[in-house]
Amino acid sequence: MPDHTTRFAPSPTGWLHLGHAYAALFAARCAENGRFLVRLEDIDGTRVRPEYETALFEDLAWLGLRWEMPVLKQSDHFADYRIGLQRLESLGLLYPCFCTRKDIQEEIARAGQAPHGPDGVLYPGTCRTLSAEERVLRQGRGDAYALRLDVAKAIAIAGMELQWEDRARGVFTATPQIFGDVVLARKDTPASYHLSVVMDDARQGVTLVTRGEDLLEATHLHRLLIHLLNLPVPLWEHHRLILDENGRRLAKRDDARSLRSLRDAGWSPQRVIEHLELQER
Ligand code: GLU
């Protein structure tokens, strides 16, 4: 077994629950002879709260986990994400999108059809065809805009089939077009999950990306971004999700399954670990 570097990358937007405990323990176990990192994915300034950040470190330590310091905090790295965006811009792969949610809904209604991707309805491409003059005019007058990836052009520039490997599921051919022209820098945040995650995994030398199978499709897009940004290609392993007693995946709003509540109810870290292993059979 190679000595992998893995990471657990929570967003401090709620209390950690059993699903997070599983993801963190899974990542740490895959790095038993390597390096285990924790990364704070805190670019969503509207939902992040400092008390969640403090609590997540307490919860992980309570579970018995130890990780390398210092912890990378994504909100400290907007200037770095900008460099990635500039590279994509220099390849002519980004365009400003001024659309509001309402504009997008109206455009979809007009088109009478709405292809769906993993993150919902695909962007209908309205701003892809704006003229250079219109873009300059709208940017100049201060209209808010996101930056979207022209995915068809990006695939054409990549010029070859890109493959990626899930250690447990095998080799996949990347199909990033399932996301359409995805947002890489949001109107309110000069980055996005998809951009920051690939840049940080590379910066931190992550060799094995472990995360829940709900993000398996995201890897198709990440593989393309890795190629365009000239980053090393890691290995992936997408693990199963922890479900509640009704078979639904746990969400941050399920307070009852938070590690805090379980601890208050007298659970020991060992009991959490056993409970998670039990579900595995
Ligand atoms: N911040 C992401 C989450 O909480 C992590 C995704 C990943 O590991 O790539 O779902």
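Residues numbered from 1 in each chain as written. Predicted model: local features only at pLDDT ≥ 70, side-chain atom pairs only at ≥ 80, totals over all residues. Heavy atoms only, no water.

*Asks:* So what's going on with the side chain of Arg39? Residues and values would help.
*Replies:* Mapped onto the secondary structure, Arg39 falls in strand S2 (residues 35–40). Polar contacts involving the side chain of Arg39 include one to the side chain of Asp201, which spans 2.8 Å. Those residues within four positions of Arg39 in sequence are excluded, and the remaining contacts are Arg7, Phe8, Ala9, Pro10, Val71, Leu72, Gln74, Val197, Asp200, Asp201 and Gln204. (Helix = DSSP H or I, 4+ residues; strand = E, 2+ residues; numbered from the N terminus. Polar contact = N/O pair within 3.5 Å; in protein donor to acceptor, adjacent residues only side chain to side chain. Contact = heavy atoms within 4.5 Å.)

*Asks:* I'd like to hear about the packing of aromatic side chains, residue by residue, with values.
*Replies:* Overall, the coordinates contain seven aromatic pairs when judged by the stated rule. Arranged with centres 4.7 Å apart and planes meeting at 85°, the rings of Trp15 and Tyr52 form a pair that is edge-to-face. A residue pair is termed long-range when its members are at least 10 positions apart, and Trp15 in the loop between strand S1 (5–8) and helix H1 (18–30) and Tyr52 in helix H2 (residues 50–62) qualify at 37 residues. Classification of Tyr52 as buried rests on a relative accessible area of 11%. (Phe/Tyr/Trp six-rings, centres within 6.5 Å; stacked < 30°, edge-to-face > 60°. Buried < 20%, exposed > 50% of the residue type's maximum accessible area, 1.4 Å probe, protein only.)

*Asks:* Lay out the site of the ligand in plain terms, naming residues and giving numbers.
*Replies:* Taken together, the neighbourhood of the ligand is formed by Arg7, Ala9, Ser11, Glu41, Tyr193, Val197, Arg211 and Leu215. Residue Arg7 places a side-chain N or O atom 2.7 Å away from an oxygen atom belonging to the ligand. Summarising the interface, the protein chains cover 76% of the accessible area of the ligand, which totals 300 Å² for the free molecule. (Near = heavy atom within 4 Å. Areas by Shrake-Rupley, 256 points an atom, 1.4 Å probe, with all protein chains shown as cover.)

*Asks:* Explain the sheet that holds strand S7 (residues 146–149) residue by residue, including any values.
*Replies:* Paired through their backbone hydrogen bonds, the strands of a sheet run either parallel or antiparallel. Spatially, S4-S7-S10 is the arrangement adopted by the three strands of the open sheet, whose pairing is antiparallel. Edge positions in the open sheet fall to strand S4 (94–97) and strand S10 (183–185), since each of these has one partner strand only. Ignoring strand direction, the axes of neighbouring strands in this sheet form an average angle of 45°. Judged from the four bridges that link them, S4 and S7 form a sheet pairing that is antiparallel. Bridge pairing links Cys97 to Ala146 in S7. (Pairing = 2+ DSSP bridges. Axes fitted to C-alpha atoms, helices over the stretch in contact; angles between N-to-C directions.)

*Asks:* If you had to explain the pattern of salt bridges to someone new, which residues and values would you point to?
*Replies:* For the coordinates displayed, the defined rule picks out 27 salt bridges. Glu68 is the salt-bridge partner of Arg35, the closest N and O atoms lying 2.8 Å from each other. Here Arg35, found in strand S2, pairs with Glu68, found in the loop between H2 and strand S3 (72–73); they are 33 residues apart in sequence, far enough to count as distant. Arg35 gets classed as partly exposed once you look at its relative accessible area, which sits at 35%. We classify Glu68 as partly exposed; its relative accessible area is 30%. (Salt bridge = Lys/Arg side-chain N within 4 Å of Asp/Glu carboxyl O.)

*Asks:* How would you explain the sheet that holds S3 if you had to name every residue and give the values?
*Replies:* An order of S1-S2-S3 is seen for the three strands of this open sheet, with the pairing classed as parallel. Only two strands of the sheet have a single partner each, and these edge strands are S1 and S3. In this fold H2 packs onto S1, S2 and S3, with an angle of close to 160° to the strand it touches most, S2. Helix-sheet contacts for helix H7 (residues 193–203) involve S1, S2 and S3, and the interaxial angle to S2 is about 145°.

*Asks:* Describe helix H3 (residues 78–90), listing the residues and the values that go with them.
*Replies:* At 3.6 residues per turn, the α-helix brings residues three or four places apart onto the same side. Taking 1.5 Å per residue as the helical rise, H3 with its 13 residues ought to reach 18 Å, and the 18 Å between its terminal C-alpha atoms agrees with that figure. Those residues of H3 not exposed but buried are Tyr81, Gly84, Leu85 and Leu88. Projection of H3 onto a plane perpendicular to its axis shows the buried side chains occupying an angular sector of 100°, all on one side. The exposed residues of H3 that point more than 90 degrees off its buried face are Ala79, Ile83 and Ser90. (Expected span 1.5 Å × (residues − 1). Arc of directions from axis to C-beta.)

*Asks:* Outline the pairing of S1, listing residues and values.
*Replies:* Of the two faces of S1, the one lined by Thr5 and Arg7 and the one lined by Thr6 and Phe8 are each fully buried. For S1 and S2, the ladder comprises four bridges, and the chain directions are parallel. Within S2, the residue paired with Thr5 across the bridge is Arg35. Viewed along the sheet, the connection from S1 through H1 into S2 turns out right-handed. (Right-handed = clockwise from strand over helix to strand, strands pointing away.)

*Asks:* So what's going on with the side chain of Gln204? Which residues, and what values?
*Replies:* Tracing the backbone through its elements, the reader meets Gln204 in the loop between H7 and strand S11 (208–212). Given the relative accessible area of 13%, Gln204 is considered buried. Excluding residues within four positions of it along the chain, Gln204 makes contact with Thr5, Arg35, Leu37, Arg39 and Leu72.

Keep in mind these values describe shape, not function.
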